[in-house]
Amino acid sequence: MPFLTLPIYYTQTFKTKPSKTFLVGMNWYRNVNPYLNNEVKKHYSDLIYAQLKELPTKPEFKYRLTIKLYYSNPSCDGSNIFAMMEKFTLDALQKLNWVKQDNVKYHLGTTTKVVEQDKNNPRVEIELEEVTNK
């Protein structure tokens, strides 16, 4: 069972023009203005909080992440998506005091897996594993 499930697309809405949906990856991040970046980062933080709010916090532990990608478009660059989802997840976990830090003293690595195409629900599923032997 995944620890977190996050969409890989974000829809930006406007008052006077049609909404715009885009893939949240490093290519988007490189070109986006800081206002939209903060809006998207807050959106992901809110999604993570909603999924974690009922779980007890335990900030003093070492951990690894596993990120599984269910893509919509088979020509997408998975590594660009993994990087952004890892960044948003680690920042949110730290902000919410779910983990103490996202540095290498606590975060011992991330494993990524491309699972399969899912045109109806493109997403990442993120698992957090506590590491007790290091």
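For every chain, the first residue of the written sequence is number 1, and numbering continues from 1 along that sequence. Totals for whole chains, interfaces and linings use all residues, but because this is a predicted model, local features are given only for residues with pLDDT of at least 70 and pairs of side-chain atoms are given and counted only at 80 or more. Hydrogens and water are ignored here; the side-chain numbers use all heavy atoms of the structure.

1. Describing the environment of Asn 33
Next, step 1: Put simply, DSSP H or I for four residues or longer makes a helix, DSSP E for two residues or longer makes a strand, and each gets a number counted from the N terminus. On the secondary structure map, Asn 33 appears in the loop between helix 1 (26-31) and helix 2 (34-52).
Next, step 2: Judged by relative accessible area, Asn 33 falls into the partly exposed class, the value being 42%.
Next, step 3: For the pair Asn 33 and Asn 103, spaced 70 residues apart in sequence, the C-alpha to C-alpha distance is 26 Å.
Next, step 4: We call two N or O atoms a polar contact when they sit within 3.5 Å, provided that within protein one can donate a hydrogen and the other can accept it, with sequence-adjacent residues counted only if both atoms are side-chain atoms. At 3.0 Å, the side chain of Asn 33 forms a polar contact with the backbone nitrogen of Tyr 35. For each residue, the accessible area found with a 1.4 Å probe, counting protein chains only, is set against the maximum for its type, and the residue is called buried under 20%, exposed over 50%, and partly exposed in between.

2. Some details on the sheet that holds strand 4 (residues 62-71)
Next, step 1: Spatial ordering of the open sheet is given by 1-6-4-5, a layout of four strands whose pairing is mixed. Two strands bound the open sheet, and with one partner strand each, they are strand 1 (4-7) and strand 5 (107-117). Averaged over all adjacent pairs, the angle separating strand axes in this sheet is 20°, with direction ignored.
Next, step 2: Where strand 1 and strand 6 (residues 123-131) come together, four bridges link them in antiparallel fashion. Paired with Pro 7 across the bridge in strand 6 is Arg 123. DSSP calls a pair of strands paired once it identifies at least 2 bridges connecting them. In this description, a line fitted to the C-alpha atoms serves as the axis of each element, helices being fitted only across the stretch in contact, and the angle between N-to-C directions of two axes falls anywhere from 0 to 180 degrees.

3. Section: the environment of Thr 110
Next, step 1: You can see Thr 110 is positioned in strand 5.
Next, step 2: Considering only alpha carbons, one finds Thr 110 and Thr 21, 89 residues apart in sequence, at a separation of 27 Å.
Next, step 3: The criterion used for residue contact is that any of the two residues' heavy atoms lie within 4.5 Å. Ignoring anything within four residues of it in the chain, the contact list for Thr 110 reads Leu 65, Ile 67 and Glu 86.
Next, step 4: A polar atom in the side chain of Thr 110 sits 2.5 Å from the side chain of Glu 86.
Next, step 5: At 2.9 Å, the side chain of Thr 110 forms a polar contact with the side chain of His 107.

4. A few points about the packing of helix 2 against helix 3 (residues 78-95)
Next, step 1: One way to put it is that helix 2 packs onto helix 3 with a least axis distance of 9 Å and a crossing angle of 60°. Where helix 2 crosses over helix 3, the handedness of that crossing is right-handed. Mapping the contact onto sequence places Asn 37, Val 40, Lys 41, Tyr 44, Ser 45, Ile 48 and Leu 52 in helix 2 and Met 85, Phe 88, Thr 89, Asp 91, Ala 92, Leu 93 and Lys 95 in helix 3.
Next, step 2: All residues other than Ala, Val, Leu, Ile, Met, Phe, Trp, Tyr, Cys, Pro, Asp, Glu, Lys and Arg, Gly among them, are scored as polar; the first ten of these are nonpolar and the last four charged. Partitioning the contact of helix 2 with helix 3 into residue classes produces eight nonpolar, three polar and three charged. Take the far helix as the reference: if the near one is turned anticlockwise from it by less than a right angle, the crossing is left-handed, and if turned clockwise, right-handed.

5. A word on the pairing of strand 5
Next, step 1: Direction of pairing for strand 4 relative to strand 5: parallel, over a ladder of eight bridges. Considered in strand 5, the bridge of Leu 69 is made with Val 114.
Next, step 2: Handedness of a crossover is defined as follows: with both strands directed away from the viewer, a clockwise route from the first strand across the helix to the second makes it right-handed. For the crossover that starts at strand 4, traverses helix 3 and ends in the parallel strand 5, the hand is right-handed.

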